[in-house]
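Secondary and tertiary structure notes
Residues per chain are reported as follows:
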Amino acid sequence: MDQFDPGAVVVKSGHFIGGSLVDEGASHLDVARPSDGVAYASVPVAHAQMVDRAVENASHAFRESGWARIAPRERARILRRFADLIAADTATLAPLEALGSTRPVRDVSAWDVPFTAEGIRFYAEFADKVGGEVAATDHDHLGMTIAEPYGVVGAIAPWNFPLVMASWKIAPALAAGNAVVLKPSEMTPFSVLRLAELAIEAGIPPGIFNVVQGDGANTGDALVRHPRVAKVTFTGSTRAGAAIMAACAQSGTKPVTLELGGKSPQIVFADAPRLDEVARRIAGAITGNAGQVCVAGSRLLVERTIADDLVSRIAQAFTALRAGATWAPGTTLPPIISEAQAARIESIVERSVAEGARAYCGGRRADASVPGAFYQPTILTGVTSETEAVRAEIFGPVLTVQTFETEEEALALASHPDYGLAAGVHTADLGRALRFVRALESGTVWVNRYGRTSDFMIPTGGYKRSGIGKDLGRQGYEAHLRFKSVLIDTRI
Ligand code: NAD
């Protein structure tokens, strides 16, 4: 699908609790379409009582529905059916996702929806593969660990890839036998409600997958602190992650997975093969989803001898992008999620220019006659490691450029005081690439590429203040299990 009529999309609102949509709340939030700023629906805000209702439903379903106790292969079969229903629902899900988010519908159809379904299939395959292990003990004892679900998992998701991010949170939790209460971002609350409906159709017992709507300060905080929430998994900003970690500590020392922000370097050496291709890669890594990607390659570190050439090729690659609504055909540069976020990008760039940066291209909002908050792909040169645009996670299509002459200089520039989410190294020298793989303080290092493949076994997660724990891979599954140690004396 590469276009749709935004006025024709049917939007259901509410929380999803115990298998039904519940459109109740003491207050409501208006939700706007990023593509044109039009408020198209509202969503109820779950205050503590509604969060309690959702968590109690989840807890009851965890104890009574048998989800944690059925044969793991049966749980896997239901999850595979869930994934198949999601994939078959593209015609409904894709416009719903694109309408309220920054994801062009063509990308949602071709990538987000299939990737969401495949993530659920991937974790379904784990359901009967991790059960614990038998320990090496003396012959008079039998020692083992038994993998058990936590119970109720509180999951909180961001707005930048609403379906995919939600699937990374719910899939391992459900496959491991937990019940889930998910809070999506208040800016993109609707598409996950469709997932919840499909979960019921697939045979997941009512109450095992619930959705509560609302903001972070009220709903998110109440969810994290609920005494029956035994594990928290969060994707979002480093600021909110720190608040959530504190809330987890204060409300039961709960284990927490945190997938947080980044300011990821792209290090290009003069020997990097095929400079045009490198330029396209760098351009794609900062303009994909208009830079609203946790692993956006937002800091270009380039060997001085090729800097001018590479920067001009990146700027050239930017010219191929077409700003447009998520429902318009041919959109390759989507909008910024909100007016407030676009204003934040604008002010960071303005302050950085006042500090001495130079806008090589872009540096401002798109034409004011275009509805929606579009920001031009921007390259800032003349920056230092102290410039605000180099330090702050901008979450927009803004690339800063710094040059180096030696490997040591490149490594020093690559190291960010706070973030360590991802890094790219582009070089033909294998030894150098491996030296950087070892030396970079980063949860992911890509060599001569930038971005994930569809290999779910490779986990994602940050070093430093970019997070704790991993999503995806075996680690993402085991994070939703706790391990009981058993020791049996066989002489009795
Ligand atoms: P955000 O932190 O503002 O919000 C994320 C979610 O947390 C929302 O649902 C929000 O309502 C909720 N929230 C906010 N404060 C909370 C609190 N105190 N308690 C409980 N819940 C709270 O982030 P965002 O603007 O939605 O998303 C963008 C951020 O997410 C960026 O920093 C980006 O790097 C990060 N992100 C990280 C990854 C990753 O895998 N590391 C992936 C995607 C996005």
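Calculation notes
- Residues numbered from 1 in each chain as written.
- Predicted model: local features only at pLDDT ≥ 70, side-chain atom pairs only at ≥ 80, totals over all residues.
- Heavy atoms only, no water.
- Near = heavy atom within 4 Å.
- Polar contact = N/O pair within 3.5 Å; in protein donor to acceptor, adjacent residues only side chain to side chain.
- Areas by Shrake-Rupley, 256 points an atom, 1.4 Å probe, with all protein chains shown as cover.
- Helix = DSSP H or I, 4+ residues; strand = E, 2+ residues; numbered from the N terminus.
- Nonpolar A, V, L, I, M, F, W, Y, C, P; charged D, E, K, R; others polar.
- Domains from an automatic or database assignment.
- Buried < 20%, exposed > 50% of the residue type's maximum accessible area, 1.4 Å probe, protein only.
- Contact = heavy atoms within 4.5 Å.
- Pairing = 2+ DSSP bridges.
- Expected span 1.5 Å × (residues − 1).
- Arc of directions from axis to C-beta.
- Axes fitted to C-alpha atoms, helices over the stretch in contact; angles between N-to-C directions.
- Phe/Tyr/Trp six-rings, centres within 6.5 Å; stacked < 30°, edge-to-face > 60°.
- Lys NZ or Arg CZ within 6 Å of the ring centre and 35° of its normal.
- Buried area = accessible area lost by both parts, 1.4 Å probe.
- Salt bridge = Lys/Arg side-chain N within 4 Å of Asp/Glu carboxyl O.
- Right-handed = clockwise from strand over helix to strand, strands pointing away.
- Core = buried A, V, L, I, M, F, W, Y, C linked by side-chain atoms within 4.5 Å.

Close contacts around the ligand come from 29 residues, with Trp159, Glu186, Ser237, Leu260 and Glu393 the closest. Within the backbone of Leu260, one N or O atom sits 2.8 Å away from a nitrogen atom of the ligand. Expressed as a share of its isolated accessible area of 840 Å², the protein-covered part of the ligand is 90%. Tallying contributions element by element places helix 8 (residues 238–250) first for the shell around the ligand, with four residues. Among the residues forming the shell around the ligand, the class breakdown is 14 nonpolar, eight polar and seven charged. Domain assignment of the residues forming the shell around the ligand places at least three in each of domain 1 (6–260 + 467–485) and domain 2 (265–455).

Counting through the fold element by element, Asn160 comes out in the loop between strand 7 (152–156) and helix 5 (162–175). Overall, Asn160 belongs to the buried group, its relative accessible area being 5%. From its side chain, Asn160 meets the backbone oxygen of Gln292 in a polar contact 3.2 Å long. Asn160 has contacts with Thr102, Arg103, Met165, Asn289, Gln292, Val293, Cys294 and Phe395, leaving out every residue within four places of it along the chain.

Before going further, it helps to examine the pairing of strand 7. In terms of burial, strand 7 is largely enclosed, as five of its five residues are buried. The side-chain alternation of strand 7 yields two buried faces, one formed by Val152, Gly154 and Ile156 and the other by Val153 and Ala155. Here strand 7 runs beside strand 8 (residues 179–183); their pairing, made up of five bridges, is parallel. When the sheet's bridge partners are listed, Val153 is paired in strand 8 with Val180.

An α-helical turn contains 3.6 residues, so a residue and the one three or four places further along point in the same direction. Compared with the 22 Å implied by 1.5 Å per residue over 16 residues, the 22 Å span of helix 11 (residues 339–354) between its first and last C-alpha is a close match. Considered for burial, the residues of helix 11 that qualify are Gln341, Ala342, Ile345, Ile348, Val349 and Ser352. Burial along helix 11 is one-sided: seen end-on, the buried residues are contained in an arc of 125 degrees. Exposed residues pointing more than 90 degrees away from the buried face of helix 11 are listed as Ala340, Glu350 and Ala354. Packed against the buried residues of helix 11 are strand 15 (378–381), helix 12 (388–391) and strand 16 (398–404). A positive phi of about 125 degrees marks Gly356, the residue just after helix 11.

Spatially, three strands are ordered 5-6-22 in an open sheet, and the strand pairing comes out antiparallel. Two strands in the sheet have a free side with no partner beyond their single neighbour: strand 5 (132–135) and strand 22 (481–489). Ignoring strand direction, the axes of neighbouring strands in this sheet form an average angle of 15 degrees. Pairing of strand 6 (residues 141–149) with strand 22, which is carried by nine bridges, proceeds in the antiparallel orientation. Bridging from a neighbouring strand, Ile146 pairs with Lys484 of strand 22.

Counted under the stated rule, the structure contains 16 aromatic pairs. Aromatic side chains Phe126 and Tyr477 sit 5.0 Å apart centroid to centroid with 20 degrees between the ring planes, which places their arrangement in the stacked category. Residue Phe126 is found in the loop between helix 4 (105–124) and strand 5, and its partner Tyr477 is found in helix 15 (residues 473–478); the two are separated by 351 residues along the sequence. Each member of the pair, Phe126 together with Tyr477, is buried. Through a chain of ring-to-ring contacts, the aromatic side chains of Trp111, Phe115, Phe122, Tyr123, Phe126, Phe161, Trp168, Phe456 and Tyr477 assemble into a single cluster. For Arg432, the ring lying beneath its charged end belongs to Phe269, and the centroid distance is 4.0 Å.

With that settled, consider the domain arrangement of the protein. As assigned here, the protein comprises domain 1 (6–260 + 467–485) and domain 2 (265–455). Centre-to-centre, using C-alpha coordinates, domain 1 lies 31 Å away from domain 2. Domain 1 puts 26 residues into the contact, and the matching count from domain 2 is 26 residues. When residues of domain 1 are sorted by the area they lose upon contact with domain 2, Ser35, Thr102 and Trp159 head the list and together hold 27% of the total. In this assembly, domain 1 and domain 2 are joined by zero salt bridges. Of all the secondary-structure elements, those providing two or more residues to the side of domain 1 that touches domain 2 are helix 3 (90–100) and helix 4. When its residues are assigned to classes, the side of domain 1 that touches domain 2 shows 13 nonpolar, eight polar and five charged.

The two faces of the sheet receive side chains in turn, since in a regular strand these alternate between them. Alternating positions in strand 11 (residues 256–259) separate into two faces, Val256 and Leu258 on one and Thr257 and Glu259 on the other, with burial throughout. Two strands pair when backbone bridges link them, and strand 10 (residues 229–235) and strand 11 are joined in this way by four bridges, in the parallel orientation. Within the sheet, the bridge partner assigned to Thr235 lies in strand 11 and is Glu259. In this region the chain leaves strand 10, passes through helix 8 and returns to the parallel neighbour strand 11; the handedness of that crossover is right-handed. For strand 11 and strand 21 (residues 467–468), the ladder comprises two bridges, and the chain directions are antiparallel. Pairing of Glu259 across the sheet is with Gly467, part of strand 21.

A few words now on the nonpolar core. With 123 residues, the main nonpolar core has Phe82, Leu300 and Ile314 as its most contacted residues. A per-element tally of this core places helix 5 first, with ten residues. Residue contributions to this core reach at least three from each of two domains, namely domain 1 (6–260 + 467–485) and domain 2 (265–455). Look past the residues within four positions of Ile314 in its chain and what remains in contact with it is Ala279, Ile282, Ala283, Leu300, Ile379 and Leu399.

To continue, consider the pattern of salt bridges. Counting across every chain of the model gives 32 salt bridges. Between Arg77 and Glu74 there is a salt bridge whose closest N-O contact spans 2.8 Å. Residue Arg77 and its partner Glu74 are both found in helix 2 (residues 72–88); the two are separated by three residues, about one turn of the helix. Overall, Arg77 belongs to the partly exposed group, its relative accessible area being 37%. Where Glu148 meets Lys484, a salt bridge forms, and the shortest distance between an N and an O atom there is 3.1 Å. Remark: Lys484 occurs in strand 22 and Glu148 occurs in strand 6; sequence separation between them is 336 residues. Looking at Glu148, the relative accessible area reads 23%, which means it is partly exposed.

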